[in-house]
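Analysis of the macromolecular model
So the chains spell out like this:
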Amino acid sequence: MHVLHVVGARPNFMKAAPVLRALAAQGVQNTLVHTGQHYDAAMSDVFLKQLEMPEPDCNLEVGSGSHAQQTAAVMLALEPVLLQRQPDLVLVYGDVNSTVAAALVSAKLNLPVGHVEAGLRSRDRTMPEEINRILTDQLSDLLFTPSADGDENLLREGIDAAKIHLVGNVMVDSLVRLLPQAEAHFPPDLSRPYALVTLHRPSNVDDLPWLRQLLATLAELSRQWLVIFPVHPRTRQKLLQLGSASSDRFRLLEPQPYLEFLALQQRAAVVITDSGGIQEETTFLGVPCLTLRQNTERPITVTAGTNQLVGRDPVRLRQAAAEILHGSQERKEDGRKTSPPPLWDGHASARIAQIIVQRQAQKAG
Ligand code: UD1
């Protein structure tokens with residue numbers, strides 16, 4: 001059996017790595033296509049290396065652009081690759097532009113599509129990823145969900161229950177495997193407690209007056225607490241426009257590799273973010289997370305008790321962060337000791353591989 005995987009942007013890599021591994025273990029032939037949506041070494045190569053992924057069989061080198069340009073560029077470049085390789089299944093991951101583009105080209109070529117991380121919904125269509133999620137799920141033949149809310153969302157949208165498989169969280173598979181290695185990547189000179197910040201959503205970083213307010217709130221927090229902020233390239237451009245500079249207490253870093261960032265998350269007193277994946281990773285690690293969004297497609301991170309949505313409210317952000325940071329001085333342990341959500345156990349990719357191989361055997365029989 002031959003499975004072609006399409007990845008393109010940073011959050012795809014930690015999801016695809018364990019699935020490639022699990023399928024290879026079942027004797028499946030994997031082809032890895034990198035769309036080139038993310039192209040900086042710090043956003044791509046270092047992740048492939050640390051996650052021990054195979055070299056991509058091809059890189060479509062689509063680069064950046066408007067949503068239409070980027071999506072269309074992936075479609076145009078991927079079609080001949082699919083025609084030539086004729087896989088039995090195309091696997092796509094998450095909700096980035098490369099995901100929906102690959103699903104659409106594959107479906108039009110009548111190639112079966114599997115979506116890893118199906119069913120997540122923020123119910124906010126101003127978010128480009130929400131459109132990518134809805135369309136990718138409609139185009140997919142196999143929908144692998146990380147949590148039961150995903151199944152409910154898909155059923156509500158009329159998707160056949162037979163296509164939906166609750167498998168758990170593949171990102172957690174990478175985390176479980178690599179956390180022991182991550183510990184050695186913690187900066188030895190970093191004092192605790194600290195707040196770890198990431199920001200890259202257009203709704204936060206493309207709105208300059210709001211971004212200015214947000215940075216002022218973080219700078220205020222940094223008067224009392226150390227703030228560590230690895231900066232996404234999209235955000236870097238905006239910080240330059242606003243004249244924000246790194247300081248000893250408010251440290252702006254380059255985008256961090258996977259292991260380094262995992263180590264920073266595990267020991268953070270609080271993580272302040274607008275990322276989807278980080279809401280999940282902190283839930284697994286039991287680290288408090290404040291999400292700078294009005295909604296989340298990952299409500300299980302809120303019900304699990306680690307994640308709070310602070311929306312666009314600087315007062316709430318400052319108060320919640322200060323409260324957690326104060327509390328962390330009493331709590332000396334790394335992370336919390338409660339259980340992660342069901343099936344976030346490091347074996348989601350093995351479940352996916354088994355379903356794919358069984359389905360193929362049924363087809364052949
Ligand atoms: C994309 C995903 C988002 C995901 C995020 C993770 C979409 C719609 N968005 O957002 O869901 O959470 O990746 O990082 O697919 N850039 C570089 N170097 C790179 C990549 C990007 O400098 O290697 C800069 C470019 O200026 C580019 C901008 O970042 O225009 C945005 O990149 P893009 O891939 O369009 O979206 P992200 O914001 O990274």
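Our structure's up above, just so we're on the same page.
Nothing here was measured: the structure is a model prediction, and the numbers come from that model.

**Here we look at unusual backbone geometry**
Pro193 follows Arg192 through a cis peptide bond whose omega is 0°. Among the secondary structure elements, Pro193 is positioned in the loop between helix 7 (170-182) and strand 8 (194-197). The backbone of Arg123 sits at a positive phi, close to 60°, despite the residue not being glycine. Mapped onto the elements of the fold, Arg123 is located in the loop between strand 5 (113-116) and helix 5 (128-139). Judged by its relative accessible area of 54%, Arg123 falls in the exposed class. Phi at Leu343 takes a positive value of approximately 70°, unusual for a residue other than glycine. By the element assignment, Leu343 lies in the loop between helix 14 (314-330) and helix 15 (348-364).

**A short note on the environment of Arg359**
Take Arg359: it is sitting in helix 15. Under the relative-accessibility criterion, Arg359 is labelled partly exposed at 24%. With 130 residues separating them along the chain, Arg359 and Phe229 place their C-alpha atoms 44 Å apart. If sequence neighbours within four positions are ignored, Arg359 has contacts with Pro112, Asp141 and Leu142.

The rules behind each value
Residues numbered from 1 in each chain as written. Predicted model: local features only at pLDDT ≥ 70, side-chain atom pairs only at ≥ 80, totals over all residues. Heavy atoms only, no water. Helix = DSSP H or I, 4+ residues; strand = E, 2+ residues; numbered from the N terminus. Buried < 20%, exposed > 50% of the residue type's maximum accessible area, 1.4 Å probe, protein only. Contact = heavy atoms within 4.5 Å.

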